[in-house]
Amino acid sequence: MSYETDITIIGAGVIGLGIAAQVANGKREVYVLEKNETFGQETSSRNSEVIHAGIYYPEDSLKARMCTEGNAMLYELCEKHGIGYKRLGKIIVAADETEVSDLEMLLRRGKRNGVLDLRMLSTRELKEVEPNVKGIAAIFSPSTGILDSYALMTYFIQRAKDGGAEIAYKSRVVGIEKIGDGYRVTMEDGFSFTTLVLINSAGLHSDGIAELVGIDASRAGYKLHYGKGEYFSVGHGKNRLVKRLIYPVPPKREDVGIHVTLDLEGRMRLGPNLRYVDRIDYAVDDSQRQAFYNSAIRLLPFLEYNDLEPEMAGIRPQLQQPGGDFRDFVIRHEYDRGLPGFINLIGIDSPGLTASPAIARYVGGMVDEILFC
Ligand SMILES: Cc1cc2nc3c(=O)[nH]c(=O)nc-3n(C[C@H](O)[C@H](O)[C@H](O)COP(=O)(O)OP(=O)(O)OC[C@H]3O[C@@H](n4cnc5c(N)ncnc54)[C@H](O)[C@@H]3O)c2cc1C
């Protein structure tokens, strides 16, 4: 049977676009389908834009591997293609003695993950590098940074288009049917076409896309939870009082804690928190301001309540349940479910932005195997 396209990718976030850039090589028909009017309108433009080093994730997890690989790849891409970035560095601070053993555990985990430039700072060294931050010890991560995620997505689009890929906006996928070795994909307006390879990178809706092809998302462990993350901007010139990203010791297993990020213009914000919600709604709840303040003041004594203003929110597509065990990225060719050529990417929460070029390379390898065998 012949198919109208070789590869179809659902979702024009940083993951779908990275994959499109990777697989479009001038010889394959590649389509990206996006329900919104343009790219990157969901999680990929509602995050901290941090290039993570890969400290927090369990050894041998895909998150650890994709993050450390993605970190190195991103700095190289940014440098080579003029994508805005700053290698600011990050400090994880123990506010008191009770947090020091957790800090040491994080240092060991980070090193096991291959983040070899991590080092411990004493109280004195912390005072030297960040004189306005209060704490008794800290980890310094020089390879953590920030980037312009819009510019990264624009670069992926250009590379995908140079390789012959097309992006169709206002194209919501509502039906998928397995036919022969491939799939028939149906759009909201009734238009349908066939594809040999189908890649699900639909972010917050990726569990729903898996169900369209007949996978029981709950039984497969693919059901997503919405982990809302809100941000408060910090005004009154307080951004001049820190130079790096400042994180607390993680308060919970699934949460790295409310931290300080800086953007490329030097603006400072606090966040994100983690609140499980039932629906996608990006409003920032001002009643969270006190909790943000209480959490941040432990490390940043110069903050005043009125410095904080509600800014924006994003929603993590989380496989991990509230209080549940760690869940890794699902990046899987589903041939053993009787779905050859169908690749699922589910639960691509943080560090998905950092990992995006490494995930793209990994999925590119799967696609090559499908098309060449
Ligand atoms: C608060 C927060 C902070 C974060 N901070 C960081 C960070 O600092 N560093 C980091 O590395 N990562 C961070 N992340 C994670 C990172 O943002 C995500 O991992 C990444 O953006 C996921 O990209 P994506 O392409 O999978 O999803 P998305 O950007 O959500 O893209 C999915 C796309 O699929 C489309 N789509 C869905 N359903 C359909 C359909 N039926 N038909 C057609 N199109 C469809 C959507 O419209 C959307 O455009 C953060 C996430 C959050 C929420």
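Residues numbered from 1 in each chain as written. Predicted model: local features only at pLDDT ≥ 70, side-chain atom pairs only at ≥ 80, totals over all residues. Heavy atoms only, no water.

**Considering helix α8 (residues 289-297)**
The cut-off we apply is this: Partly exposed residues are those whose accessible area sits between 20% and 50% of the maximum for their type, while under 20% is buried and over 50% is exposed, using a 1.4 Å probe and protein chains only. By definition, any uninterrupted DSSP run of H or I lasting at least four residues is a helix, any uninterrupted run of E lasting at least two residues is a strand, and each is numbered from the N terminus. Within this analysis, the arc is defined by the directions that extend from the helix axis to the C-beta atoms. When checking whether two residues touch, look at their non-hydrogen atoms; a contact exists if any pair is within 4.5 Å.
Inspection of α8 places Arg289, Phe292, Tyr293 and Ala296 among the buried residues, and these make up the whole buried set. For α8, the angular spread of the buried residues around the axis is 100 degrees, confining them to a single face. Its buried side turned inward, α8 meets β13 (225-234), β16 (268-271) and β18 (308-318).

**Some words on the domain arrangement of the protein**
Note the following rule: For the purposes of this description, domain bounds are those given by an automatic or database domain assignment. Here the quantity called buried area is the total loss of accessible area, with a 1.4 Å probe, experienced by two parts when brought into contact, counted for both. Any Lys or Arg side-chain nitrogen found within 4 Å of a carboxyl oxygen on Asp or Glu counts as a salt bridge.
Under the domain assignment, the protein is made up of domain 1 (5-45 + 150-223 + 326-372) and domain 2 (90-142 + 225-318). For domain 1 versus domain 2, the distance between C-alpha centres works out to 32 Å. Across the boundary between the two partners, domain 1 contributes 9 residues, which contact 8 residues of domain 2. Carbon and sulfur atoms supply 63% of the area that domain 1 and domain 2 bury against each other, a total of about 740 Å² over both sides. Run the count over domain 1 and domain 2 and you get 0 salt bridges.

**Describing the packing of helix α5 (residues 149-162) against helix α9 (residues 352-372)**
Where we set the bar: An axis is simply a line fitted to the C-alpha atoms; with a helix, the fit covers only the stretch in contact. Between two such axes, the angle follows the N-to-C directions and lies from 0 to 180 degrees. Oblique is the label for any angle not covered by the other classes, which are roughly parallel (under 35 degrees), roughly antiparallel (over 145) and roughly perpendicular (65 to 115). Crossing handedness: left-handed means the near helix sits turned counterclockwise from the far one by under a right angle, and right-handed means the same turn made clockwise.
Here α5 crosses α9 at 20 degrees, and the two axes come no closer than 12 Å. Overall, the two elements α5 and α9 adopt an arrangement that is roughly parallel. Crossing of α5 over α9 shows left-handed handedness. Facing α5, whose interface residues are Ser149, Leu152 and Phe156, α9 presents Leu353, Ser356 and Pro357.

**With respect to the site of the ligand**
Under the convention used in this document: Neighbouring residues are identified by heavy atoms, a residue being near a molecule or strand if any of them is within 4 Å of it. As used in this structure description, the phrase polar contact means that two N or O atoms lie within 3.5 Å; if the pair is within protein, one of them must be able to donate a hydrogen and the other to accept it, and residues adjacent in sequence are counted only when both atoms belong to side chains. Surface accessibility follows the Shrake-Rupley procedure with a 1.4 Å probe radius. Residue values consider only the protein chains on display as shielding. Residues are grouped as follows: Ala, Val, Leu, Ile, Met, Phe, Trp, Tyr, Cys and Pro are nonpolar; Asp, Glu, Lys and Arg are charged; every other residue, Gly included, is polar.
Within the structure, the ligand sits among 39 residues, and Glu34, Ser44, Val50, Ile348 and Thr354 are positioned closest to it. Separating an oxygen atom of the ligand from a backbone N or O atom of Asp349 is a distance of 3.1 Å. When the ligand is considered free in solution it has 1,000 Å² of accessible area, and contact with the protein chains removes 98% of it. Of all the elements in the fold, those that place two or more residues in the shell around the ligand are α1 (14-23), β18 and α9. The class makeup of the residues in the shell around the ligand is 15 nonpolar, 16 polar and 8 charged. Of the residues that make up the shell around the ligand, three or more belong to each of domain 1 (5-45 + 150-223 + 326-372) and domain 2 (90-142 + 225-318).

**Notes on the packing of aromatic side chains**
Applied cut-off: Here a pair means two rings of Phe, Tyr or Trp (six-membered ring of Trp) with centres within 6.5 Å. Their orientation is stacked below 30 degrees between planes, edge-to-face above 60, and tilted elsewhere. Sitting over a ring, as applied to charges here, requires NZ of Lys or CZ of Arg to be within 6 Å of the ring centre and within 35 degrees of the ring normal.
Overall, the coordinates contain 8 aromatic pairs when judged by the stated rule. Centroid distance Tyr56 to Tyr57: 6.4 Å. Interplanar angle 70 degrees. Geometry classified as edge-to-face. Looking at Tyr56, the relative accessible area reads 12%, which means it is buried. The cationic tip of Arg46 hangs over the ring face of Tyr282; the distance from NZ or CZ to the ring centre is 3.8 Å. Its end group placed over the ring of Tyr231, Arg269 keeps NZ or CZ at 4.4 Å from the ring centre.

**Observations regarding the sheet that holds strand β4 (residues 85-86)**
Note the threshold: Pairing between strands is defined by DSSP: at least two bridges between the two strands are required.
Pairing within the open sheet is antiparallel, and its 3 strands lie in the order β3-β8-β4. What marks the edges here is a single partner per strand, and that holds for β3 (50-51) and β4. Pairing between β3 and strand β8 (residues 145-147): 2 bridges, direction antiparallel. Its bridge partner being in β8, Ile51 is matched across the sheet by Gly145.

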